[in-house]
Amino acid sequence: LGIAGRMVGATKIGHLAPDLSSARAAALIEASVAASLKRLRLDVLPICLLHSEDSFRYIGALLNLQAKGLIRHIGVSTVTPEATAAIVSSGKAEAIQVPASILDHRFTGGGICAQAAERRMAVFARSIYLQGLVLMNEEDIPADLLDVIPPLRRLRLVAAEAGMTLAELAVRFILGLDEVTCILVGV
């Protein structure tokens, strides 16, 4: 089977300006999908996401490419709980990518991811280390984020008591959430 039988690839459309006409956005999205298909040597993209919630207005272009058989599943990467809730409620996306971590429960604790899972949407969790903040040395934490130090100290103790690193605890926490389909770890 090779690697194709053991994994599912996902890609994102690049950032789209908020003032594009529908026709221009559709052309840019189609060009991005064509480039991804060529680069990945695929006939169909398994999952294709709009890069941001601001681009959700262009979801029709992804729906059209899906109808043409070029994309199997479509979705959106989001930043705010409010926009994510609206996207989930719209029923137009099959996947969402949200920030979630052992310290950031806005999406997982607020019910948005549970609603998505109930609708059989894939939920991809990103920023599980809070853009690296969870793993930073205390002396490297920016002054405006120093309030995170006491919770991080408590989490390090919990991790040590469980015989693991804080990095592992952070991953296991997100993997333990039923509504999360998979996690993305930055490299």
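Refer to the structure printed above.
Residues numbered from 1 in each chain as written. Predicted model: local features only at pLDDT ≥ 70, side-chain atom pairs only at ≥ 80, totals over all residues. Heavy atoms only, no water.

### Some details on the sheet that holds strand β1 (residues 10–12)
Strands belonging to one sheet form pairs held by backbone hydrogen bonds; the direction of such a pair is parallel or antiparallel.
1) Next: Read across the open sheet, the 6 strands follow the order β1-β2-β3-β4-β5-β6; overall the sheet is parallel. Single-partner strands in this sheet number two, and they are β1 and β6 (182–183).
2) Next: Bridge count between strand β4 (residues 95–99) and strand β5 (residues 122–126): 5 bridges; the pairing is parallel. Note that in β5 the partner of P99 across the bridge is R126.
3) Next: The sheet strands contacting helix α2 (residues 59–67) are β2 (45–50) and β3 (71–77), and the helix crosses β3 at an angle near 165 degrees. (Pairing = 2+ DSSP bridges. Helix = DSSP H or I, 4+ residues; strand = E, 2+ residues; numbered from the N terminus. Contact = heavy atoms within 4.5 Å. Axes fitted to C-alpha atoms, helices over the stretch in contact; angles between N-to-C directions.)

### Considering the pattern of salt bridges
1) Next: In this structure the tally under the stated criterion is 4 salt bridges.
2) Next: Across the salt bridge formed by R106 and D104, the nearest N and O atoms sit 2.9 Å from each other.
3) Next: Taking the relative accessible area as the measure of exposure, R106 reaches 41% and is therefore partly exposed.
4) Next: With its nearest N and O atoms 3.9 Å apart, the salt bridge here joins R156 to E138. Here E138 lies in the loop between β5 and α5 (149–161) and R156 lies in helix α5, a separation of 18 residues in the sequence.
5) Next: By relative accessible area, which is 27% here, E138 ends up partly exposed.
6) Next: Through salt bridges with shared partners, one network takes in E138, R153 and R156. (Salt bridge = Lys/Arg side-chain N within 4 Å of Asp/Glu carboxyl O. Buried < 20%, exposed > 50% of the residue type's maximum accessible area, 1.4 Å probe, protein only.)

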